[in-house]
Amino acid sequence: MGVLAQQVVAAIQSVVGDTKAGLHEPKFTSSEYRLVQNCLDSTMVSSVGEYVERFEENLAEYTGSPYVVAMSSGTAALHIALLVAGVGPDDEVLVPALSFVATANAVVYCGAIPHFIDSDTTTLGMDPGRLRDYLVETTETQKGRCVNRVTGRTVRALVPMHTYGHPLLIDEILEIGKEFNLTIIEDAAEALGSTASGKHMGTFGDAGILSFNGNKIITTGGGGALLTGDRKLASRARHLSTTAKIPHKWKYIHDEVGFNYRMPNLNAAIGCAQLTKLSVFVERKRELYLEYKSAFSTVSGVRIFEEPEGCRSNYWLQTLILDESFEDEIDEILEETNRCGYMTRPAWTPLHKLKPYETCPKMRLEVSESLARRIINLPSSPGLMRQ
Ligand SMILES: *Cc1c(COP(=O)(O)O)cnc(C)c1O
């Protein structure tokens, strides 16, 4: 075994102890059991019920988002957010190359084409400086629309994603949105609990989305939410995600092709209990970051990723970044840490390297590609304690 892999195992061990550690395990207490039992007792387990409303209200309060629509997944929320933002067939949508596949999939569900943007090493999100230069070079404004000069297609929207919970340079991204007439839909799936200048991520753009999948900072089993400050957009999102059914005592009238994307009450019950613990989870993760930072401070060739300046990150997944000269050792480090019972994972395969996205338009993506060769996510569960 190489020296670096050995040092990484020892550093993780000094933080999490000798027991096995998953990448991100949810933590439940009696409050989840109690609310789930109440929900079952009420028989209102599906999308009509008090917990969905309560979860939406509590999320609105926590995030400061005027409107919240709970959905069956983060991907569903992103699909609906793009649709209500007017993304349609043959539009292009700018998305980060370094993201979970759902970011691009939701664009394709709308009949649109993902267009991949490179990352910034200080935030792990889109690089606004290079994005702007790229748009100046490759697009032109026609009748208030941003048009890709190469493909002739309308570039409709921009989907910034806050990687592992770390806020990207949102002010600069919003400026670009204004300058190039692009709707901004924030993929804040990983960023519940993260803020920039005191404002919650997902509330800066025209809309934002959150995910409550099993591995996210809080979970509803599966679930997501759309955040927006726009009342009309919110009510259209609610309508579309409720099979476009016109409310009526008994008649089934649907005024367009909608989706069955609303969050079931049973999941929302778990969410209500989880949300009361979010602040504690964020605190714990911020402490865990300090513990990893200290443990890795004596290991050369790697660093623990730190929240960008001016932001408060939820540190959803702790992130180790290898120096370029050590990138050849990533497989050995992953192999060895997992063999020792510490679940570590590399970054996603950059989306433009995946079969369905190989031929999509893209800018030069050398930073995303380099980061993907050097990122290792470490055990990050809120329940992790020093042994
Ligand atoms: C988790 C995640 C999603 C999708 O959320 P689901 O609830 O799993 O559908 C979207 N984007 C990013 C960046 C994510 O991490």
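Residues numbered from 1 in each chain as written. Predicted model: local features only at pLDDT ≥ 70, side-chain atom pairs only at ≥ 80, totals over all residues. Heavy atoms only, no water.

Asker: Got a sec to walk through the site of the ligand? Specific residues and values, please.
Answerer: Near the ligand there are 15 residues, and of these Gly74, Thr75, Glu190, Ser211 and Lys216 occur at the shortest range. A distance of 2.8 Å is found between a nitrogen atom of the ligand and a side-chain nitrogen or oxygen belonging to Asp187. In the model, an oxygen atom of the ligand is placed 3.4 Å from a nitrogen or oxygen of the Asn213 side chain. Taken by itself the ligand offers 380 Å² of open surface, and the protein chains cover 93% of this. Class assignment of the residues belonging to the shell around the ligand gives a composition of 4 nonpolar, 8 polar and 3 charged. (Near = heavy atom within 4 Å. Polar contact = N/O pair within 3.5 Å; in protein donor to acceptor, adjacent residues only side chain to side chain. Areas by Shrake-Rupley, 256 points an atom, 1.4 Å probe, with all protein chains shown as cover. Nonpolar A, V, L, I, M, F, W, Y, C, P; charged D, E, K, R; others polar.)

Asker: Explain the packing of helix H6 (residues 128-138) against helix H7 (residues 170-179) to me, and be specific about the residues and the numbers.
Answerer: The angle between the axes and the distance between the axes are what describe a pair of packed helices. Here H6 crosses H7 at 15°, and the two axes come no closer than 9 Å. Classed by the angle they form, the pair H6 and H7 counts as roughly parallel. Once H6 is placed against H7, the crossing between them reads as left-handed. Judged by residue contacts, Pro128, Leu131, Arg132 and Leu135 of H6 engage Glu172, Ile173, Ile176 and Glu179 from H7. Along the lines of polarity and charge, the residues of the contact of H6 with H7 split into 5 nonpolar, no polar and 3 charged. (Axes fitted to C-alpha atoms, helices over the stretch in contact; angles between N-to-C directions. Helix = DSSP H or I, 4+ residues; strand = E, 2+ residues; numbered from the N terminus. Parallel < 35°, antiparallel > 145°, perpendicular 65-115°, else oblique. Left-handed = near helix turned anticlockwise from the far one by under 90°. Contact = heavy atoms within 4.5 Å.)

Asker: Please give an account of the nonpolar core that cites residues and values.
Answerer: Phe55 and Leu82 are the most contacted members of the largest nonpolar core, which totals 99 residues. Considering every element that reaches this core, the biggest residue donor is helix H4 (residues 74-84), with 7 residues. Both of domain 1 (3-24 + 278-377) and domain 2 (30-275) provide at least three residues apiece to this core. Those residues in contact with Leu82, other than ones at most four positions away along the chain, are Val87, Val93, Ala106, Val107, Cys110, Val159 and Ile185. Residues Ala5, Val9, Tyr292 and Leu334 belong to the second largest nonpolar core, which totals 27 residues. (Core = buried A, V, L, I, M, F, W, Y, C linked by side-chain atoms within 4.5 Å. Buried < 20%, exposed > 50% of the residue type's maximum accessible area, 1.4 Å probe, protein only. Domains from an automatic or database assignment.)

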